[in-house]
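A structural walkthrough
Now for the letters of each chain:
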Amino acid sequence: MKKLLAAVVLFITTVGTAQKNSILLGGNVGFTSEKIGESKLDNFEFSPLVGYQFADHWTAGVQGSIKNTKTASLDKTEKYKIGGFVRYSTPLYEMFSFYADLGAGYQNTSLNNAKGIYAGFDPGLFINMKNGFGLNFSIGGINYDNLDGKNDPRQQRLGFDFGKTLNIGISKNFGL
């Protein structure tokens, strides 16, 4: 757990506005807990990303995700994702920037060793607090994923959740 927390601190930053020849280190951390009657479900997710800002508005890189799900009556399951992303960002004002991420990749889960692909489009708003350090706000996006496990039916999901979710993150741009 200490290693995971250290990784969270290292990768919690992300960038809102791209500056040519700079590095993007970032990620998201999430936790949900749900209890219905005697049943309890806990989810923890850590999603780091690393990229290179090759033009004034464009970034390309690698993203990943580790998600642990624990249910009171079942064993813990883990879900992993690894893929690439492209980000376009543009300043709206000196303090605000708009960005949109397009990503896709491979995923698997420990439950029946299910494997598949994912893709997503997620727009957001960056608020620059000082020297490229600030807050990211996202209110959902469009996401697709599928999983095909041993002796399990194929799972396919298409989600359109604009306005249904709220993600807030801390961000920092590291220039070279």
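A brief report on the enclosed structure follows. (Residues numbered from 1 in each chain as written. Predicted model: local features only at pLDDT ≥ 70, side-chain atom pairs only at ≥ 80, totals over all residues. Heavy atoms only, no water.)

Counting secondary structure elements, the chain contains 1 helix and 11 strands. Ordering the α and β elements of the chain from the N terminus gives α-β-β-β-β-β-β-β-β-β-β-β. Counting every position in the chain, which comprises 176 residues, the buried fraction comes to 34%. Approximately 10800 Å² of the chain is accessible, and the part contributed by carbon and sulfur atoms is 62%. (Helix = DSSP H or I, 4+ residues; strand = E, 2+ residues; numbered from the N terminus. Buried < 20%, exposed > 50% of the residue type's maximum accessible area, 1.4 Å probe, protein only. Areas by Shrake-Rupley, 256 points an atom, 1.4 Å probe, with all protein chains shown as cover.)

Note that strand E2 (residues 39–53) and strand E3 (residues 58–71) share 10 bridges and pair antiparallel. Residue pairing in the sheet places Asn43 in a bridge with Thr69 of E3. Where E2 folds back on E3, the antiparallel hairpin that results is connected by 4 residues. Taken together, the 12 bridges between E3 and strand E4 (residues 77–91) define a ladder with antiparallel strand orientation. The partner of Gly64 across the bridge, within E4, is Ile82. Taking the residues that link successive antiparallel strands as the turn, the E3-E4 hairpin has 5 residues. (Pairing = 2+ DSSP bridges.)

Moving on to unusual backbone geometry. The phi dihedral of Asn113 falls on the positive side, at around 50°, and the residue is not glycine. Mapped onto the elements, Asn113 comes out in the loop between strand E5 (96–109) and strand E6 (114–130). For Asn113, a relative accessible area of 34% puts it in the partly exposed group.

Time to look at a nonpolar patch on the surface. A grouping of Leu102, Phe121, Ile139, Ile142, Leu158, Phe160, Phe162, Leu166 and Ile168 is seen on the molecular surface, where their side chains present a nonpolar patch of about 950 Å² in accessible area. Its place among the elements puts Phe162 in the loop between strand E9 (155–160) and strand E10 (167–171). Taking relative accessible area as the criterion, Phe162 reaches 33% and is therefore assigned partly exposed. (Patch = residues over 30% accessible without salt bridge, like charges linked within 9 Å, V, L, I, M, F, W, Y side chains within 5 Å. Salt bridge = Lys/Arg side-chain N within 4 Å of Asp/Glu carboxyl O.)

Right, let's get into the pairing of E5. Side-chain direction in a regular strand flips from residue to residue, so the side chains alternate between the two faces of the sheet. Inspection of the sheet shows E4 paired to E5 by 13 bridges, in the antiparallel sense. Along E5, the bridge assignment pairs Lys81 with Gln107. Here E4 hands over to E5 after 4 residues, the two strands then running antiparallel side by side. Sheet topology note: the E5/E6 ladder contains 14 bridges and is antiparallel. From the neighbouring strand, Ser97 faces E6, where its bridge partner is Phe126. A loop of 4 residues connects E5 with E6, the two strands running antiparallel in sequence, and Asn112 in this loop sits at a positive phi of about 60°.

How two aromatic rings sit relative to each other is set out by the distance from centre to centre and by the angle between their planes. For the structure on display, the rule yields 2 aromatic pairs. Here the aromatic rings of Phe160 and Phe162 are separated by 5.0 Å at their centres, their planes lie at 70°, and the arrangement is edge-to-face. Phe160 gets classed as exposed once you look at its relative accessible area, which sits at 63%. The ring of Tyr99 has Arg87 sitting right over it, with the charged end atom 4.2 Å from the ring centre. (Phe/Tyr/Trp six-rings, centres within 6.5 Å; stacked < 30°, edge-to-face > 60°. Lys NZ or Arg CZ within 6 Å of the ring centre and 35° of its normal.)

Our focus in this paragraph is the pattern of salt bridges. What the rule picks out here adds up to 5 salt bridges. A salt bridge links Asp42 to Lys40; its shortest N-O distance comes to 4.0 Å. Here Asp148 and Arg154 are joined by a salt bridge, their closest N and O atoms 3.7 Å apart.

Position of Gly149 relative to the elements: it lies in the loop between strand E8 (142–147) and E9. Among the residues examined, Gly149 registers a relative accessible area of 13% and is labelled buried. Separated by 39 residues in sequence, Gly149 and Ser110 place their C-alpha atoms 9.6 Å apart. Each residue touching Gly149, except ones within four places of it in the same chain, is listed here: Asn112 and Ala114. (Contact = heavy atoms within 4.5 Å.)

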